[in-house]
Amino acid sequence: MKRKIAYIFDTFYRFSLCTYLLCSLMLISCSRDQGDWTIVQREGRYIYGVWHSSTAKRAEQTMLEVAGNIKAFSTQVGESPATESVLQTTLSPENLLPNNGELLGWVQSLAPSTYQGKTLYRDRATSPDLYYAYGFKRQAEVEYETPRFGSKPLILLEIFDMGTPENAFGIYNFHTYPRMEFEWVGSKAMLSGGYLRFSKGKYFVQIEGYEFATGIREGMITLAKAVAAQIKDPPPKPQILALLPNNKRIHGSTKLFRSNWALSQIYSTLPANVPQLTDTALGISAHYQNKSDSTDWMDAQIVFIIRFPDAATAESAFVLYRDTVDALIKGTVDSEKRTDGAVLINEPSAL
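Below is a short write-up of the structure. The structure presented is a predicted model; accordingly, all values stated were derived computationally and were not measured. (Residues numbered from 1 in each chain as written. Predicted model: local features only at pLDDT ≥ 70, side-chain atom pairs only at ≥ 80, totals over all residues. Heavy atoms only, no water.)

A few points about the packing of aromatic side chains
For step 1, the next point in the chain: In total, this model carries eight aromatic pairs according to the counting rule given.
For step 2, the next point in the chain: Consider the rings of Tyr115 and Tyr121, whose centres lie 5.7 Å apart with planes at 75°: the pair is edge-to-face. The same class applies to Tyr115 as to Tyr121, namely buried.
For step 3, the next point in the chain: Between Tyr121 and Tyr131, the aromatic rings sit 5.8 Å apart at their centres with planes inclined by 80°, giving edge-to-face as the arrangement. Here Tyr131 lies in helix 3 (residues 129-133) and Tyr121 lies in the loop between strand 4 (113-116) and helix 3, a separation of 10 residues in the sequence.
For step 4, the next point in the chain: Counting every residue linked through ring pairs, the aromatic cluster contains Tyr115, Tyr121, Tyr131, Tyr132, Phe136, Phe160 and Phe204.
For step 5, the next point in the chain: One Lys or Arg, Lys188, reaches over the ring of Phe182 and ends 4.3 Å from the middle of that ring.
For step 6, the next point in the chain: Stacked on the ring of Tyr195, the Lys or Arg Arg197 has its end atom at 4.3 Å from the ring centre. (Phe/Tyr/Trp six-rings, centres within 6.5 Å; stacked < 30°, edge-to-face > 60°. Buried < 20%, exposed > 50% of the residue type's maximum accessible area, 1.4 Å probe, protein only. Helix = DSSP H or I, 4+ residues; strand = E, 2+ residues; numbered from the N terminus. Lys NZ or Arg CZ within 6 Å of the ring centre and 35° of its normal.)

A closer look at the side chain of Asn260
For step 1, the next point in the chain: Of note, Asn260 is situated in helix 6 (residues 260-266).
For step 2, the next point in the chain: Classification of Asn260 by relative accessible area gives buried; the value is 19%.
For step 3, the next point in the chain: Among the polar contacts listed, one links the side chain of Asn260 to the backbone oxygen of Pro275, at a separation of 3.0 Å.
For step 4, the next point in the chain: Within polar-contact distance, the side chain of Asn260 engages the backbone nitrogen of Leu277 at 2.8 Å.
For step 5, the next point in the chain: Among all residues touching Asn260, those that are not within four sequence positions of it are Val274, Pro275, Gln276 and Leu277. (Polar contact = N/O pair within 3.5 Å; in protein donor to acceptor, adjacent residues only side chain to side chain. Contact = heavy atoms within 4.5 Å.)

Let's talk about the nonpolar core
For step 1, the next point in the chain: Among the nonpolar cores identified, the biggest contains 64 residues, and Tyr134 and Ile305 are the most heavily contacted of them.
For step 2, the next point in the chain: With sequence-adjacent residues up to four places away left out, Ile305 is seen in contact with Tyr46, Ile47, Tyr48, Val66, Ile240, Leu243, Leu244, Leu282, Gly283 and Ile284.
For step 3, the next point in the chain: One finds Leu154, Ile155, Phe198 and Val205 within the second-largest nonpolar core, a separate group that totals 28 residues. (Core = buried A, V, L, I, M, F, W, Y, C linked by side-chain atoms within 4.5 Å.)

Now the structure itself:
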């Protein structure tokens, strides 16, 4: 009888232990899968990674695709920095402003004005910091009016020389967001909140309508087409764009940045630690669906790629990032030492 009781207790103990171990493994697996995952890696002169992935597996799969794109691209064009194509249009912005008589019914209210260098917007309550972050060179602006609407200023046209097509693309895409309205004006132009914006060549064009009316909106589009027709360069398409995955990218979410300050203006929920850009670095990012059945871009992972001038600079930036992360997260969050050298973290905000 005692042996039978002992056997029953032993069997129950073994069953309980197995159940406990199984549950523990499941919890560990769930801990690794569910959360707010960050993964960062370096390849050549690139640092790339994923922020806000819902699972570690999803982040790792995305990283494999990015790594493949970088290796294929590097094989095709080499590791030297991409050279900019020769610009076809190099006119000052004021020479691109449509004159009276070029537009049906719309004329300039006053003579155009210009800003250059560090003088941008010094006479108004508008911060120029965003433009400086994207390499601003020179701006020209003028207001337009028409007798049809009482001959008063109704449209403000601003043309910015941003120095390079990449800079123009960057400040244009700073304003884009998913599911917004677009209009083709000789370049893809976004229409939002009374503004029409587009980039072409090294120029960023911003047109503001002071009132909401069909005729004013049509005038804004007419102005945009007139300006775009004078710029002979194609709409910018930086080479680094080719490195981003296409699958499940959310339309309108692509961003370009040249500084950590600009990056912080684009995303308000970045991890506490991100790679530090140098003055010559260029970054690209986009939102991707975390779930196949989700269309909510606010609940999406962010894929980013930062291009440095050479592999040595990228390695220094990656080592600094990794060491900073190791020092701050040690013993506080889920992290893994990976044989490939990548940094994989379940961010504290998800715990």
